[in-house]
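Chain by chain, the residues run as shown.
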Amino acid sequence: MKTNRLSSFVLHPCGPPRVTCIPSKHRSAMPFVTSWTRGVGAALLSHSPSTSFSRGEDGRPSPWHRWRFPFSNRRGAAHCQGGGWQGGGIDLSIPAGHATYNLYMPVTIYHTGGPGDLPPYLQAVASSGGLSQGVPLEPSAEIKIKPIRSLLSVGKPQMIMMISEFMEEMNKGLALHAADPSAHWDEKKCCFKMLETHIDHIPTGSEKGVYYAVDVGGTNFRVVRIELLGDGKIGKTSRIKRDLKQLPPAPEKPKGLLDASVKQSEFFGYLADQVIQVGKHEGDIAGEGLEGEASPVLGFGFTFSFPTQQDQKNHAILSHWTKEWDTGRDYTGTDECIEGRDVGQMFDDAFAKKGGHAKVHGVINDTVGTLLSCSYENPHLPPVYMGLILGTGSNGCYYEPKYKQYSYNGKLINIEFGNFNRSLPETDIDKQVDADLSNKADVGRQRFEKMVSGKYLGEISRRFVCSIMADKLKGTKAELIDSLKSEHASKIVQDESQNLEITCLTLFEQWGVTFSLNELRAIQEICRLVFDRSASLAAMSIVAVALKADRIGRNAEGMTVAIDGSLYTQNPWYQHRLKQHIVDIVGREDAQKVHLQIADDGSGKGAAVMVAADQQA
Ligand code: BGC
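Residues numbered from 1 in each chain as written. Predicted model: local features only at pLDDT ≥ 70, side-chain atom pairs only at ≥ 80, totals over all residues. Heavy atoms only, no water.

1. Here we look at the overall build of the protein
If you tally the helices and strands in the protein, you get 18 helices and 22 strands. Long-range pairs, those at least 24 residues apart, make up 70% of the contacts in the protein between residues at least 6 apart in sequence. For the protein, the accessible surface area stands at approximately 25200 Å², while carbon and sulfur atoms represent 50% of it. (Helix = DSSP H or I, 4+ residues; strand = E, 2+ residues; numbered from the N terminus. Contact = heavy atoms within 4.5 Å. Areas by Shrake-Rupley, 256 points an atom, 1.4 Å probe, with all protein chains shown as cover.)

2. Considering the sheet that holds strand β21 (residues 559-564)
Taken together, the six strands give an open sheet; going across it, the order is β10-β20-β19-β18-β21-β22, and neighbouring strands pair in mixed fashion. Two strands lie at the open edges of the sheet, namely β10 (195-196) and β22 (594-598), each paired on one side alone. Of the strands in this sheet, β18 (384-390) and β22 touch helix α16 (residues 572-586), which is tilted by about 165 degrees from β22. (Pairing = 2+ DSSP bridges. Axes fitted to C-alpha atoms, helices over the stretch in contact; angles between N-to-C directions.)

3. Describing unusual backbone geometry
A positive phi angle, near 55 degrees, is found at Glu 416, a position not held by glycine. With respect to the element layout, Glu 416 can be found in the loop between β20 (412-414) and α8 (428-435). A positive phi angle, near 65 degrees, is found at Asp 482, a position not held by glycine. Mapped onto the elements of the fold, Asp 482 is located in the loop between α11 (470-473) and α12 (486-494). Owing to a relative accessible area of 35%, Asp 482 belongs among the partly exposed residues under this scheme. (Buried < 20%, exposed > 50% of the residue type's maximum accessible area, 1.4 Å probe, protein only.)

4. Points about the pairing of β18
The element β18 is largely enclosed, with a buried count of seven among its seven residues. For β18 and β21, the ladder comprises five bridges, and the chain directions are parallel. Following the sheet pairing, Gly 387 is matched in β21 by Ala 562. Inspection of the sheet shows β18 paired to strand β19 (residues 394-399) by five bridges, in the antiparallel sense. Directly across from Gly 387, in β19, lies its bridge partner Cys 397. The turn linking β18 back onto β19 is made up of three residues.

5. Focus: the site of the ligand
As a structural note, the neighbourhood of the ligand is formed by 15 residues, with Thr 322, Asn 365, Asp 366, Glu 416 and Glu 449 the closest of them. At 3.5 Å from an oxygen atom of the ligand is found a main-chain nitrogen or oxygen belonging to Phe 306. Within the contact set of the ligand, an oxygen atom lies 2.5 Å away from a side-chain nitrogen or oxygen of Glu 416. Protein contact buries 99% of the 310 Å² of open area that the ligand shows by itself. Taken together, the elements giving at least two residues each to the shell around the ligand come down to α7 (366-377) and β19. (Near = heavy atom within 4 Å. Polar contact = N/O pair within 3.5 Å; in protein donor to acceptor, adjacent residues only side chain to side chain.)

6. Observations regarding the packing of helix α3 (residues 156-179) against helix α14 (residues 517-548)
Contact pair α3 / α14: the axes reach a minimum separation of 9 Å and the direction vectors enclose 50 degrees. Considering the angle they form, α3 stands oblique to α14. Between α3 and α14 lies a crossing whose hand is right-handed. For the pair α3 and α14, the contacting residues are Met 159, Met 162, Ile 163, Phe 166, Met 167, Met 170, Asn 171 and Leu 174 in the first and Ser 536, Leu 537, Met 540, Ser 541, Val 543, Ala 544, Val 545, Leu 547 and Lys 548 in the second. (Parallel < 35°, antiparallel > 145°, perpendicular 65-115°, else oblique. Left-handed = near helix turned anticlockwise from the far one by under 90°.)

7. Here's the deal with helix α6 (residues 343-353)
Since one α-helical turn is 3.6 residues long, residues separated by three or four positions face the same way. Those residues of α6 that sit buried are Val 343, Gly 344, Met 346, Phe 347, Asp 348, Ala 350 and Phe 351. As for α6, its buried residues are in contact with β11 (208-216), α4 (264-281), β14 (298-304), β16 (315-318) and β17 (358-364). A side-chain oxygen of the first residue of α6 lies 2.9 Å from the backbone nitrogen of Gly 344; this N-cap is Asp 342. The first or second residue beyond α6 is Gly 355, which carries a positive phi of 110 degrees.

See the structure below:
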């Protein structure tokens, strides 16, 4: 049945809307009412003239119907007077004292007719309880939001300043590498690491065959097996995906395998087991016995999304953890730690202990994987000059045509831009988020990434919200660090519903607090400001790279930016804002030369594509 949304209104402790005496002549425009979320026991009071009222979950017929309200397992009752539509009515009031009475309860009315069929009583409901979007904030809220708005908006002059400083740092990093390619990174000389990648073959899209990759460093760990069909096509893909925070051998530790007390041998031993499991399942690694002995060693690509120093393609020394990873930190200085040691070698050692079925072909950063997979899958787009991650962490790599001149072996350079630290529009709240990190080794590092990436946006938003609603939120979960994750803030940012119903539910689920519509609007605006600042800084980095690579400006031919990471791929609002910021900075004509392409799961797939490109070059 095709339905039209008529109106949303809100059942609030005081003044629930009532609908009474539905005139029988309006029966053709039969309304029904539904709780708006999850479709759980949707509160259909009626959905067709012939069936009259649906039955409630308790199976009792009209006039009493029960349904599940949006929040937790509580239920409310819809009181349907009159036993039918004719001359009957609906009373959506919640009985005083009922568990749901004090909840802010959004309800949506739908109807099956056209706008002209609307019974006047429904219009009355809409106007009595309905609240439309676009209403300005109440003056008191506006006064509190205004300073936050100016703190979080990055003006064009500052953007331009940052772009030129960003390019300056890139040039400095290149010059330092040219002078001494084996020198260790010195933050005082350049905030970017400008790392060697050893990527000599950019895929063309024509590669074929079955390849493996392991992806470590985002929210999840993945083993990917893909079949490349050529012409940019990918056939069968199989994978396993695990959240390393939830895994043994330390289930009692909140950080699971990311905990400081986990040894490198346990960590890589676990990863090796997962690869062997998939390889055996797919028949690419033979089982035990004679057959096993004859099985060829599986060479796979290893995406490791942290800064590493690489003197060879399959050897990568981890400079330091980012994104609050701690694995092995309790063993610093021993061969059970990971920081400062070769992750390619440690992975190979773990395979050797388990029979030597597989070996690391090459270690790459996730930005590099994203660029490579996008190049494979989109041979007809403008050349991919930048790989960008906007996810738990954030970073970019780019194609440097003069790589030889700067003494690089690889054509791609991992900028590690998360550590950019010049002219940052940092607020006191950004500084507090940084200062309060549990591992003090991470304080002061990656300050740009902390303003851009998903790991931190929810927490920054939460702190701003608490700063303007301190009294209301006192003693609630909202005061707890990390009680608003970026994935929740991302839902709030994208909420287009008339009464901010998704925002209302998300906040209730996270904090157990209910808000007036005006408060919800203020919270949404704060989240949007925080996400928008992130989008503007990401846009700034893209423009800097496009200028550095001469892909925008007069006669320039443009480029593709391959983007992976849920902050971007899962949030169309963010995608739109990022594009808009590019237009604001460089104008429409140049912005059109920058093609933004989602490379979903590209970070992992790209490592498999790298092996293919190397073997088929
Ligand atoms: C790491 C980068 C990585 C980025 C995205 C950052 O924290 O330093 O190497 O590319 O996260 O995952």
